[in-house]
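An overview of the molecular structure
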Amino acid sequence: MSALSQDKQDRLDALYREVERESQTFVGYPCTCVFDYSELYRFLKFPINNVGDPFAPSTYRVNTKDLEREVLAWFATLTHADPEAFWGYITNGGSEGNLYGLYLARELMPEGMVYYSEDTHYSVSKNLRMLKMPNIMIRSLPTGEIDYDDLRETIRIHRDIPPIIMANIGTTMKEGIDDIAAIRKILRELAIHRSYIHCDAALDGMILPFLDDAPAWDFAAGVDSLAISGHKFIGSPIPCGIALAKKSNVDRIARSIEYVGTLDTTVTGSRNGITPIFLWYAIQRYGVEGFAAAARRCLALAQYAVDRFRSLGIEAWKNPHAVTVVFPRPPEEVLRHWQIAVKDDIAHIICMSHFDRALIDRITDDVAHALQQEAQL
Ligand SMILES: *Cc1c(COP(=O)(O)O)cnc(C)c1O
């Protein structure tokens with residue numbers, strides 16, 4: 001390989017400065033900027049690949065599956081999975097974990113009907129099309145939760161078809177949390193004996209386990225599989241996530257696709273072997289106590305943001321266990337500057353670990369100023 005020409009070198013330098021600058025105003029997405037994996041950079045010089053099943057031996061031994069299994073066991077404990085009877089893998093993010101959950105559900109119940117709320121992540125409807133799964137969208141409540149009455153009435157009409165429920169543990173826009181106990185009560189009352197519940201816990205799967213007063217949402221609450229993002233609350237320069245499921249269910253579909261060398265149980269064949277090291281490292285350095293402190297701090301900052309918005313006359317609000325602060329959609333230049341995501345007439349900021357009060361003061365002042373100017377026009 002020859003050295004880069006000067007103009008190509010300049011482009012890289014300019015890109016570096018741009019990424020560095022944009023990360024200073026990164027407040028609209030649920031990804032933390034706080035992480036330091038520099039101690040692990042030396043691993044980047046190997047063709048590491050965790051191809052196939054993390055629990056099956058492979059002839060591709062330049063892998064990090066030992067650490068991957070430790071990370072999975074840590075998440076299994078965190079989400080009250082049976083330590084002897086869970087299966088999972090480290091994915092490329094929450095979306096892949098949701099795709100895996102739906103795929104598993106379809107293989108178990110090919111005749112099933114998927115129910116999900118209108119506040120569900122945009123990737124789910126695409127995945128349902130890819131999997132050709134019949135599905136019905138359910139209305140949402142103003143909090144972002146699924147509308148339980150609509151869910152009950154809709155399932156009642158289709159009582160003869162096993163329901164597959166895609167539950168949100170923190171919706172994308174409002175961080176609303178679907179009540180798993182309420183959903184299971186609906187299934188019981190309708191005398192439905194075969195059903196499947198997958199939890200999309202992309203963000204809150206790394207927040208709720210650390211709060212004392214959080215609603216039950218995980219395997220202890222009776223769900224069948226779940227997905228959590230790794231690059232959101234934990235933080236990573238490479239997107240990643242965790243998919244966990246009951247081993248008994250996975251075994252029923254894994255057998256038929258076994259091939260020489262390893263098991264092809266995962267959505268992709270070649271898999272990232274670097275992100276398992278990142279996640280393992282973060283877990284060792286933070287520990288449950290460290291993550292709990294970070295979660296409490298983010299929740300307190302989100303409450304601070306709500307209070308400050310309101311003191312400026314802006315109708316902001318948040319859900320009880322949420323780090324997402326919802327407020328009326330501000331003018332375009334504010335959205336662009338702060339990289340704020342919007343849906344219809346609402347916007348949000350998501351108070352992750354790189355937030356502090358000074359940053360919130362700047363955002364809320366900017367939003368208030370822009371809304372005032374807009375009102376005067
Ligand atoms: C971010 C998010 C996803 C997608 O996760 P990725 O890790 O970005 O693939 C899915 N669902 C919800 C609720 C999310 O917030």
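Above this text you will find the structure in question.
What you see is a predicted model; the values in this text were computed from it and never measured.

**Here we look at the packing of helix 5 (residues 148–157) against helix 6 (residues 180–189)**
At a minimum axis distance of 10 Å, the contact between helix 5 and helix 6 shows a crossing angle of 30 degrees. When the axis of helix 5 is compared with that of helix 6, the two are roughly parallel. In the packing of helix 5 onto helix 6, the handedness of the crossing is right-handed. On the side of helix 5, the interface is formed by Tyr-148, Leu-151, Arg-152 and Ile-155, while helix 6 contributes Ala-182, Ile-183, Ile-186, Leu-187 and Glu-189.

**Things to note about the environment of Ile-238**
Residue position: Ile-238 is located in the loop between helix 7 (231–235) and strand 7 (241–246). Judged by its relative accessible area of 27%, Ile-238 is partly exposed. Along the backbone, Ile-238 and Ala-221 are 17 residues apart, and their C-alpha atoms lie at a distance of 31 Å. Those residues within four positions of Ile-238 in sequence are excluded, and the remaining contacts are His-231, Asn-272, Ile-274, Thr-275 and Phe-278.

**Let's talk about the site of the ligand**
The environment of the ligand is made up of Gly-93, Gly-94, Ser-95, Asn-98, His-121, Gly-170, Thr-172, Asp-200, Ala-202, Ser-229, His-231 and Lys-232. Gly-94 places a polar main-chain atom, nitrogen or oxygen, 2.6 Å from an oxygen atom of the ligand. A distance of 3.4 Å separates an oxygen atom of the ligand from a polar side-chain atom of His-231. Among the cavities detected, the one that contains the ligand is the largest pocket. Where the shell around the ligand is concerned, the elements lending two or more residues are helix 3 (94–108) and helix 7. Here the element with the most residues in the shell around the ligand is helix 3; it accounts for 3 residues.

About the thresholds
Here the residue numbering is sequential within each chain, running from 1 through the sequence in written order. Reporting in this predicted model follows two pLDDT cut-offs: at least 70 for local features of residues, and 80 or more for side-chain atom pairs to be given and counted; totals over whole chains, interfaces and linings ignore these cut-offs and use all residues. By convention in this description, side-chain values take in all heavy atoms of the structure and omit both hydrogens and water. To obtain an axis, a line is fitted to C-alpha atoms, over the contacting stretch when the element is a helix, and the angle between two such axes runs from 0 to 180 degrees between their N-to-C directions. In this description a helix means any DSSP run of H or I spanning at least four residues, a strand means any run of E spanning at least two, and both kinds are numbered starting from the N terminus. If an angle is under 35 degrees, it is roughly parallel; if it is over 145, roughly antiparallel; if it lies from 65 to 115, roughly perpendicular; otherwise it is oblique. In this scheme the crossing of two helices becomes right-handed for a clockwise turn of the near helix relative to the far one and left-handed for an anticlockwise turn of less than a right angle. The contact rule is simple, with two residues in contact once any of their heavy atoms fall within 4.5 Å. Classification of residues uses two cut-offs on accessible area relative to the type maximum, computed with a 1.4 Å probe and protein chains only: under 20% is buried, over 50% is exposed, and between them is partly exposed. Summary of the distance rule: residues count as near a molecule or strand when at least one heavy atom falls within 4 Å of that molecule or strand. Under this definition, polar contacts are N or O atom pairs within 3.5 Å; protein pairs additionally need one hydrogen-donor-capable and one acceptor-capable atom, and for neighbouring residues in sequence, both atoms have to be side-chain atoms. Cavity means a closed set of points on a 1 Å grid over the protein atoms alone, one where a 1.4 Å probe fits but cannot get out, pocket means an open set with protein on both sides within 12 Å along at least 5 of 7 lines, and lining means a residue has an atom within 4 Å of a point. Each molecule is assigned to a cavity or pocket provided more than half of its atoms lie within 2 Å of the corresponding grid points.

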